[in-house]
Structures are given as C-alpha cells and as structure tokens.
Amino acid sequence: MECYMTEMEKGERNNARRRSVVSFVRRSSTLDARLERAWNTYADDYVLRLDKGEYVLGVADTVRISCDFLAQAWGEGFQVDGRVIVEIGTGQGENIVAAAAAHPQDNFIGVEVYAPGVAHTVLMAGKNELRNLRMVQVNAPELLSAFEPGVVSEVWTFFPDPWPKTKHHKRRIVQDSLAQAVHAALKDDGVWRIATDIDDYALHVHEVMDARADFANDGEKTVSLATEHVSKGTADLAAQLPHADFSESERFEGRVLTNFEKKGLDAGRVIHDFTYRRV
C-alpha cells in the first residue's frame, strides 16, 4: 500500500470534513439478550476503536487512518498486502461477512451506526472465526475523511436509505461532500460501488456522480430513467415523465443476494448498480 497526500488533497479533505453529510440519524436502540451476549463476546475483537472526539458517532480531527495505523489497531488478521474495502451501511452484516469469508486475503471495514446491526455482524464474524473484518460505529463521511489517501481500494454503498420524500432528498448519503471524501481515501483507479432498487435514487446518483470530473462511470449497459424527480406519493407518475439513457453496471458479482435485495426483486423493482472509478 502507498500512503501519500498532496497539499491540495489535504485542503480538499479538510473541507469535506467541515461539510460532511450525516449519513444516518441515530435512534435509541437496545440490544436483546442474544445480541448483548454477542457484543460482550466479540466486540473487543471486531470493533475498531477510534477516538470520536466530541461526538458519539464522529471521528476526532486528530485521527488519521494510514496503512500503519490499521496494521497496529487491527491486530492479528490484518493482511498487509491485501486490499482495504469499506462498506457503508452494513445492516445485519450479511454481505460484508460473506465477502470477508470469500476473500481472506483482503481487509474489510464495515461502517454501521446502529448497535444491533454491529452486534449481529460481529456475531456472524465470530462464529465464522474471521480475522480480516472490523466494524466501526461512526458516521461514514467522517470516517472516510479520516483516511489518508491511497489506503482504500474500494468503497461499497449498497441499498442506502432512499429518503423518498422530496424534502428529505438532501439527506441521501450519496452527495458531493461524501464523494469528495471517498475520492481522497481511494487509491488511484480505486472504485466506489453503489446499488439501489429505487429508480429516483438512481437518478440522484447519476446527478451527483456523472457530473464529477474526478470519477469515471465504468458502466457498460444503458438504462432509461425519468429525468425529473418524484416523491414518495408520486412515484407512479415517473413513467409519464421525460426519460433519458444513462450508463450503469451489471450486477456486482461480489455482492451476495441479501434478504433486503430479494424483497426488492420480489416487489418487481429494478436493481441499479454503479461503478465509479477514481481518476
């Protein structure tokens, strides 16, 4: 791994930290007895401890996640020559646990703010005796902004909260500020993989990402989407709106079919996959 940072990249990263989007709203949650046991048994081994500064879900400005930092903080199981892959919003951990088990030569970092999701993920990781996976319970934009350039090979954001109401679109995790943080953390030619089963979110991704000069859309298939946004109560009107063609990717074969994705398919929704490469 190579870790380097130009003065321009330092400035961009600092700006991203100041403007970071809150990726999730923290809600009160308690662990049931099973997940509490899982947390007590596995959290010390699988939760990557970071200085959170003044915020419960934040990352202190003093934290700089370099190659050496990960090697020391990770402990046994860190693959020095392996890729670092970050999944934003791991949910119950189905995908990241399967990926870590299938690719023991790589390192996987899961980002999830809800304690039950973290606990369920570390439970599965512990049962599978994985050593190449760590969880972080912080907001994703702040975590990505803490990485030194070139540490991360891929970032995954699969089926993020669609925030379907028009007034809530600004809360969607895919925003310019996060894209800037992802770009700064990725190595040259590193990729950001995104997936959604909501057509309007797909349009949102295209609007944010296709206009950026620092990412290239590697999509090879053509998808038709409405060119105007719809809201929670007007989604059915999308078919009547003007459409345009957009480039998207085939389904990422490294993503397992989770229960969440299966529900979307069963409901007849189209799965949109995106591959944006750092340039």
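Coordinates for the structure precede this section.
Residues numbered from 1 in each chain as written. Predicted model: local features only at pLDDT ≥ 70, side-chain atom pairs only at ≥ 80, totals over all residues. Heavy atoms only, no water.

A. Geometry of the pairing of strand β5 (residues 186-196). Counting buried positions along β5 yields eight of eleven residues, so the element is predominantly enclosed. In this sheet, β5 lies alongside strand β4 (residues 152-158) in parallel orientation, the contact comprising six bridges. Bridged to T157 within β5 is I194. Note that the unit made of β4, helix α7 (residues 176-185) and β5 has a crossover that is right-handed. (Buried < 20%, exposed > 50% of the residue type's maximum accessible area, 1.4 Å probe, protein only. Helix = DSSP H or I, 4+ residues; strand = E, 2+ residues; numbered from the N terminus. Pairing = 2+ DSSP bridges. Right-handed = clockwise from strand over helix to strand, strands pointing away.)

B. Geometry of the nonpolar core. If you look at the biggest cluster of nonpolar residues, it comprises 47 residues, and the most contacted ones within it are L70, L144, F147, V174, W192 and M209. The element that contributes the greatest number of residues to this core is helix α8 (residues 199-209), accounting for six residues. Those residues in contact with M209 that sit more than four places away from it in its chain are V174, A179, W192, F215 and Y276. Residues F108, W156, F158 and F252 belong to the second largest nonpolar core, which totals 27 residues. (Core = buried A, V, L, I, M, F, W, Y, C linked by side-chain atoms within 4.5 Å. Contact = heavy atoms within 4.5 Å.)

C. Examining the packing of helix α4 (residues 94-102) against helix α5 (residues 115-127) more closely. One can describe the packing of α4 onto α5 by two numbers: an axis separation of 9 Å at closest approach and a directional angle of 25 degrees. As the angle between them shows, α4 and α5 are arranged roughly parallel. By crossing handedness, the relation of α4 to α5 is classed as right-handed. Contacts between α4 and α5 pair E94, I96 and V97 from the former with T121, M124 and A125 from the latter. When grouped by side-chain class, the residues that make up the contact of α4 with α5 number four nonpolar, one polar and one charged. (Axes fitted to C-alpha atoms, helices over the stretch in contact; angles between N-to-C directions. Parallel < 35°, antiparallel > 145°, perpendicular 65-115°, else oblique. Left-handed = near helix turned anticlockwise from the far one by under 90°. Nonpolar A, V, L, I, M, F, W, Y, C, P; charged D, E, K, R; others polar.)

D. Here's a closer look at the environment of R172. For R172, the position within the fold is in the loop between β4 and α7. Along the sequence, R172 and Y201 sit 29 residues apart, while their C-alpha atoms lie 8.5 Å from each other. Among the polar contacts listed, one links the side chain of R172 to the side chain of D200, at a separation of 3.1 Å. (Polar contact = N/O pair within 3.5 Å; in protein donor to acceptor, adjacent residues only side chain to side chain.)

E. Expanded view of the sheet that holds strand β1 (residues 84-88). Strand order in the open sheet formed by seven strands is β3-β2-β1-β4-β5-β9-β6, and the pairing between neighbours is mixed. Every interior strand has two partners, whereas the edge strands, β3 (133-136) and β6 (215-217), have only one. Across the sheet, the axes of successive neighbouring strands diverge by a mean angle of 20 degrees, strand direction being ignored.

F. Region of the structure containing the pattern of salt bridges. For the coordinates displayed, the defined rule picks out 14 salt bridges. Here D188 makes a salt bridge to R278, at a shortest N to O gap of 2.9 Å. Within this pair, whereas D188 is found in strand β5, its partner R278 is found in strand β9 (residues 272-278), the two being separated by 90 residues in sequence. Across the salt bridge formed by R212 and D214, the nearest N and O atoms sit 2.8 Å from each other. For R212, a relative accessible area of 16% puts it in the buried group. Beyond isolated ion pairs, a larger network of salt bridges with shared partners links R83, D106, E154 and R193. (Salt bridge = Lys/Arg side-chain N within 4 Å of Asp/Glu carboxyl O.)

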